Amino acid sequence: EVQLVESGGGLVQPGGSLRLSCAVSGLSVRDNYMSWVRQAPGKGLVWVSVIYSGGSTYYADSVKGRFTISRDNSKNTLYLQMSSLRAEDTAVYYCARVDYSRLHTFDYWGQGTLVTVSS
Amino acid sequence: DIQMTQSPSSLSASVGDRVTITCRAGQSISKYLNWYQQKPGEAPKLLIYAASSLQSGVPSRFSGSGSGTEFTLTIGSLQPEDFAAYYCQQSYTTPYTFGQGTKLEIK
C-alpha cells in the first residue's frame, strides 16, 4: 500500500523559514516524479513544485527563488524548504506522486500539512 | 503558463441527476487532462486521468471526454457521496495548472 505522510507545518512569522517533509512508503521517491501542491483556506488547488526522477526541479513563479524541493533517497522522503515566507503562502501543503507512465497523473496524495504565516 | 478555465464554478443538483462540468485549456494539451474530487478536510482524489481513463476503484458513473482544449467530466447519476468540489488539471507541461474548481451542492 502506498502512503504519503506530510509533516513540518505550523505557525511561522513573515520572512521566516520552514521545512516540510513527506515520508513515503510503498514506492521509491528516487524512481518517481514527486510534487507539492498547496491550497489556501477556502481556495482552490495550486501546483507548487515537482522533482523528476532524474533530479530536475521546477517551480511555480510565485515560489521560485524562495522554495526548494529535494529528496532523501535513503529516508524515502520528499522535502520542501520554504524561506522568505509571506502571508500569501498560508495554505495546506500536499505532496503527491506524479505517474509519468500515465501522462503525469497525480495519483497518490498525502493528507496535507497546514502552514500559517502570520505575526 | 497554460490557463485552465472550469465552468460552472458552482452547481446545484439532486440525487439521480446527470451533471457535466467543462474545462477549457488556454492551448492544446492533447489528452494531458486529469480530474480530481475533493471533499472538505480531505486530500484530492484522482477520478479521471488522460482525459478519459477511469482511475481504479472509481465508480463507472464518472466519465471524462475531450482532447486538445475542451474537456468534460460527467457524473451519470449523482449519489449523495458525490457532492464535493471537482478540479481539472493539465499535466502537459509545468506549471501543472489546475482549474479554479466546481463546487457541486445538493439542491
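Refer to the preceding data block for the structure.
This section reports on the structure supplied with the text.

Rules used in this analysis
Residues numbered from 1 in each chain as written. Chains lettered and ligands numbered in written order. Predicted model: local features only at pLDDT ≥ 70, side-chain atom pairs only at ≥ 80, totals over all residues. Heavy atoms only, no water. Helix = DSSP H or I, 4+ residues; strand = E, 2+ residues; numbered from the N terminus. Contact = heavy atoms within 4.5 Å. Buried area = accessible area lost by both parts, 1.4 Å probe. Salt bridge = Lys/Arg side-chain N within 4 Å of Asp/Glu carboxyl O. Phe/Tyr/Trp six-rings, centres within 6.5 Å; stacked < 30°, edge-to-face > 60°. Buried < 20%, exposed > 50% of the residue type's maximum accessible area, 1.4 Å probe, protein only.

Let us look at unusual backbone geometry. The amide bond that connects S7 of chain B to the next residue, P8 of chain B, takes the cis arrangement and shows omega of -5 degrees. Relative to the helices and strands, P8 of chain B is located in the loop between β1 (4–7) and β2 (10–13). The omega torsion of the bond from T94 of chain B to P95 of chain B falls at -5 degrees, within 30 degrees of zero and hence cis. Within the element layout of this structure, P95 of chain B appears in the loop between β9 (85–90) and β10 (102–106). Phi at H104 of chain A takes a positive value of approximately 60 degrees, unusual for a residue other than glycine. The topology assignment puts H104 of chain A in the loop between β9 (91–99) and β10 (105–109).

Let's shift gears to the interface of chain B and chain A. Counting residues at the interface gives 20 residues for chain B, matched by 21 residues for chain A. Counting the surface lost from both chain B and chain A, the interface buries some 1700 Å², and carbon and sulfur atoms represent 63% of this. Its largest share of buried area at the contact with chain A, chain B owes to P44, Y96 and F98 of chain B, together 31% of the area lost on that side. At the boundary of chain B and chain A, one finds zero salt bridges. Elements that contribute at least two residues to the side of chain B that touches chain A include exactly β4 (33–38), β5 (45–49) and β9 of chain B.

So, on to the packing of aromatic side chains. Residues and elements named next belong to chain B. For the structure shown, the criterion picks out 11 aromatic pairs over all chains. Between Y32 and Y92, the aromatic rings sit 5.4 Å apart at their centres with planes inclined by 85 degrees, giving edge-to-face as the arrangement. Here the residue Y32 occupies a position in the loop between β3 (19–25) and β4, and Y92 occupies one in the loop between β9 and β10, the gap between them amounting to 60 residues. By relative accessible area, which is 40% here, Y92 ends up partly exposed. Residues F62 and Y86 carry aromatic rings whose centres are separated by 6.4 Å and whose planes lie at 35 degrees to one another, so their mutual orientation is tilted. Taken together, the positions of F62 in strand β7 (residues 62–67) and Y86 in strand β9 put the pair 24 residues apart, joining distant regions of the chain.

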